[in-house]
Amino acid sequence: MEPHRKLINSVDGCVDEALCGLVRASGGLALLRGHRVVLRSDPECLRGRVALLSGGGSGHEPAHAGYVGAGMLSAAVAGGVFASPPPASILAAILSLHNAGKTCGVLLIVKNYTGDRLNFGLAAEQARNCGVAVDVVIVAEDCAFDRPGKAGRRGLCGTVFVYPSPHRLIPSLLLLLIISFLLVVLYFPGTLGVSLSPCSVPGCLPSFDLPPGDMELGLGIHGEPGIKRSKVMSADEVVKTMIDHMTDPDSQSCLPLKSGDSVVVCMNNLGALSCLEMAVVTRAAITCLENRGVLVARVMSGSFMTSLEMAGVSLTLMLANEETLRLFDAKTSAPAWPNLSSVCVSGRSFVADPPSAGPLSPVMREVLQMVCSTLLEKQEELNSLDRAAGDGDCGNTHAQAARAIQEWLQGHVVPGCPGRLLSVLAGLVQEKMGGSSGALYSLFLTAAAAHVTEGRSNAAAWAGAMHAGTQAMRRYGGAEPGDRTMLDALCPAADELTKLTTAPPGGQMLILQAAVQRATSGAESTRDLTARAGRASYIAAERLTRPDPGAVAVAAILRAVLESMERQKK
């Protein structure tokens, strides 16, 4: 089977060329140099207001850059196809809005996917360190799962309902007030998708197989299969099935819709339905809701958050009142609402001073070299473990990080300040490693960096750094020990290392040895755990019979650190 043919110039260049096409076609848009960021071209109009920033993977066009404009998003950040945007680009967008627009704060609107939560969370933390007022709203309106797992409900097309926010009506609205309003609004939207075909990332095979005559109900926007497969029904039957599922009172994801309610309807083309089909299903939705005694106040029908060429549709319903209708009716220049946009970009660059070496530099260099060698040796082992729970690239992503660190070591002096080194490593892994693992490691390193400095790098400080890094991963990743993630190896080791705060100098190596053993045991224990976070949480438990690859990688890294330390003490 060959990959689905697409009208592009190259797989590698399609995202950047698409963003360029949008900007060239819209006189008020601009690109932030060096990043996949689209901004308004009139940042001075944001003075004294709260800027809105959203984004996500490409392949969902016109989301998210199509909603940049007066009255909606101030900027949008794009990742690769179905990949969360890197924290560095998110941070660049935040700083650009803050500095060029003189805003009183930046609000991040984030879909509830692990990668987006991690990367936007990391950028938010970094922006706060720069003195920018930032907060985050998570959109999670998916109605597919009757009993959502720990990962929670996904963020789907209902995200666009958040973009016409009240910031355009109240010029000096405080960030906290916007958040409070959005939380109320986010309680009500609900979305459900159905498709007659899978989609395929450029250069790849379709994401799942769907025999002719079948359809998937409750699928996501990244090509993942749905919760139920059945034979294709008529448009009226399909829409009725969707609304029945969304309003099922026995479901924890139920949309509380009753006779007499007023709603805004969004019938979203997932990519490949014809205009004729979209008109048919739109009519079906209006009729079905009216037959339930529901007043349809507004209808949006078209392509708002797609999934490449998927032949399907998602239905979003949101309870309407006078205030929400006033927001929907307000004028905007965002091209996808749809209107011509007048949004552009402005940016600034940052240059770091080169670090200087110190007494710990050779020790840390040796440790890093050992860690990199270990990860490269374990590349295929980690890939093999990951094939059961993911896309089989865990070893590849760790190897990418290892090679990036090796390359950096060849051309740079290891700084004498451990915290400075951890910050450098955080930047490397977020840029070169990618995926959720890269975001998690970068979060860990960023949080840990503040706890170890040139004047404070003893064993107790390292124990504090480990604890801080682990807590950051738990906070933004949403996982806990026992959820079958890398935390099942990292947390036991971090707990053991807290003993360093009271250990005599001669006992520190014994504690490090014990921490490594606990990490190894924790990684091995994941073969018997049920995945409750990350991508593996969507996989049937009976298929997960081998240790979690992330936990195995963490244990291997800690063992490499131990072996390097032992070798240097001889």
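Here goes a summary of the coordinates provided. (Residues numbered from 1 in each chain as written. Predicted model: local features only at pLDDT ≥ 70, side-chain atom pairs only at ≥ 80, totals over all residues. Heavy atoms only, no water.)

## Re the overall build of the chain
Keep this limit in mind: We count a stretch as a helix when DSSP gives it H or I for four or more residues in a row; a strand needs E for two or more, and each element gets its number in order from the N terminus. Exposure is judged per residue with a 1.4 Å probe applied to protein chains only, and the accessible area is read against the type maximum: over 50% gives exposed, under 20% gives buried, and values in between give partly exposed. Residue-level accessible areas treat just the shown protein chains as cover; the underlying method is Shrake-Rupley with a 1.4 Å probe.
Assigned secondary structure in the chain consists of 16 helices and 12 strands. The 570 residues of the chain split such that 54% are buried. For the chain, the exposed area adds up to about 24000 Å²; of that, 55% sits on carbon and sulfur atoms.

## Focus on the sheet that holds strand β7 (residues 190-195)
In a beta sheet, neighbouring strands are held together by backbone hydrogen bonds and run either parallel or antiparallel to one another. Put simply, the rule is: Here, a strand pair is defined by DSSP locating no fewer than two bridges between the strands. Note on geometry: axes are lines fitted to C-alpha atoms, helical ones only across the stretch in contact, with angles between N-to-C directions running from 0 to 180 degrees. Any two residues whose heavy atoms approach within 4.5 Å at even a single point are treated as in contact.
Overall, mixed pairing links the 6 strands, which are arranged β9-β8-β7-β12-β10-β11 in an open sheet. For this open sheet the edge positions go to β9 (228-231) and β11 (295-302), each flanked by a neighbour on one side alone. Strand-to-strand twist across the sheet, computed as the mean angle between neighbouring axes with direction ignored, equals 20°. Here strand β10 (residues 262-269) pairs with strand β12 (residues 312-319) via 7 bridges, running antiparallel. Pairing of Val 263 across the sheet is with Leu 319, part of β12. Sheet strands touched by helix α5 (residues 235-246): β7, β8 (214-217) and β12. Its angle to β7, the strand with the most contacts, is close to 145°.

## Points about the sheet that holds strand β5 (residues 105-111)
Strand order in the open sheet formed by 6 strands is β1-β2-β4-β3-β5-β6, with mixed pairing between adjacent strands. The open sheet is flanked by β1 (29-31) and β6 (134-139), the only strands paired with a single partner. Averaged over all pairs of adjacent strands, the angle between their axes in this sheet comes to 25°, without regard to strand direction. Both strand β3 (residues 50-58) and strand β4 (residues 75-81) contribute to a ladder of 5 bridges, which runs parallel. Paired with Leu 53 across the bridge in β4 is Ala 75. Running at roughly 150° to β1, helix α1 (residues 14-25) makes contact with β1, β2 (37-40), β3 and β4 of the sheet. Across the face of the sheet, helix α3 (residues 114-129) comes into contact with β3, β5 and β6 while running at roughly 170° to β5.

## Thoughts on the packing of aromatic side chains
Applicable threshold: When the centres of two rings from Phe, Tyr and Trp lie within 6.5 Å, Trp using its six-membered ring, the rings pair. Their planes under 30 degrees apart give stacked, over 60 give edge-to-face, and anything left gives tilted.
Tallied over the full model, the rule gives 4 aromatic pairs. Geometrically, the ring pair formed by Tyr 67 and Trp 337 is edge-to-face, given 6.3 Å between the ring centres and 80° between the ring planes. Of this pair, Tyr 67 sits in the loop between β3 and β4 while Trp 337 sits in the loop between α7 (322-329) and α8 (361-377), and the two are 270 residues apart along the sequence. On the basis of relative accessible area, Trp 337 is assigned to the buried category, the value being 11%. Between the aromatic rings of Phe 161 and Phe 328, the centroid separation amounts to 5.2 Å while the plane-to-plane angle is 85°, which identifies the pairing as edge-to-face.

## Let's talk about the pattern of salt bridges
As a reminder of what qualifies: In the sections that follow, a salt bridge refers to a side-chain nitrogen of Lys or Arg positioned within 4 Å of a carboxyl oxygen of Asp or Glu.
Within this structure, the stated rule accounts for 21 salt bridges. Among the salt bridges present, the one from Glu 381 reaches Lys 378, with a minimum N-O distance of 3.1 Å. Residue class for Glu 381 comes out partly exposed when judged on its relative accessible area of 38%. Given the relative accessible area of 23%, Lys 378 is considered partly exposed. Salt bridges sharing common partners tie together Glu 125, Arg 128 and Arg 475.

## Looking at the side chain of Gln 430
Tracing the backbone shows Gln 430 in helix α11 (residues 418-432). Excluding residues within four positions of it along the chain, Gln 430 makes contact with Pro 87, Ala 88, Leu 122, Gln 126, Gly 438 and Ser 442.

## Thoughts on the packing of helix α10 (residues 394-411) against α11
Two packed helices can be described by the angle between their axes and the distance between those axes. Heads up, the rule is: The labels follow the angle: roughly parallel below 35 degrees, roughly antiparallel above 145, roughly perpendicular from 65 to 115, and oblique for the rest. Here a crossing is called left-handed whenever its near helix is offset anticlockwise from the far helix by less than a right angle, and right-handed whenever the offset is clockwise. Residue polarity is assigned by list, with Asp, Glu, Lys and Arg as charged and Ala, Val, Leu, Ile, Met, Phe, Trp, Tyr, Cys and Pro as nonpolar; anything else, Gly included, falls into the polar class.
Where α10 meets α11, the axes come as close as 9 Å, and the angle between the chain directions of the two elements is 130°. As far as their axial angle goes, α11 and α10 are oblique. Classified by chirality, the crossing of α11 by α10 is right-handed. Between α10 and α11, the contacting residues are Gln 400, Ala 401, Ala 404, Ile 405 and Trp 408 on the first element and Leu 421, Val 424, Leu 425, Leu 428, Val 429 and Lys 432 on the second. A class-by-class count of the residues in the contact of α10 with α11 yields 9 nonpolar, 1 polar and 1 charged.

## Describing α3
Basically, it comes down to this: For a helix, the expected span equals 1.5 Å multiplied by the residue count minus one.
Taking 1.5 Å as the rise per residue, α3 with 16 residues should run 22 Å; its terminal C-alpha atoms sit 23 Å apart, in good agreement. Taking burial as the measure, the 16 residues of α3 include 13 buried ones, the bulk of the element. Backbone geometry just downstream of α3 places Gly 131 in the positive-phi region, at approximately 90°.

## Some remarks on the environment of Leu 257
Inspection of the secondary structure assignment puts Leu 257 in the loop between α5 and β10. Among the residues examined, Leu 257 registers a relative accessible area of 15% and is labelled buried. Sequence spacing of Leu 257 and Leu 319 is 62 residues, and the spatial spacing of their C-alpha atoms is 7.8 Å. Setting aside its immediate chain neighbours within four residues, Leu 257 contacts Thr 247, Val 263, Leu 289, Val 294, Leu 317 and Leu 319.

## Some remarks on α10
For the α-helix, the turn length of 3.6 residues means that residues three or four positions removed from each other point alike. The first and last C-alpha atoms of α10 sit 27 Å apart over 18 residues, in line with the 26 Å expected at 1.5 Å per residue. Looking at α10, one finds that the buried residues are Cys 394, Gly 395, Thr 397, His 398, Ala 399, Ala 401, Ala 402, Ala 404, Ile 405, Trp 408 and Leu 409. Looking at the packing, one finds that the buried side of α10 touches α8, α9 (379-386), α11, α12 (435-449) and α16 (549-569).

The analysis is restricted to geometry; functional conclusions fall outside its scope.
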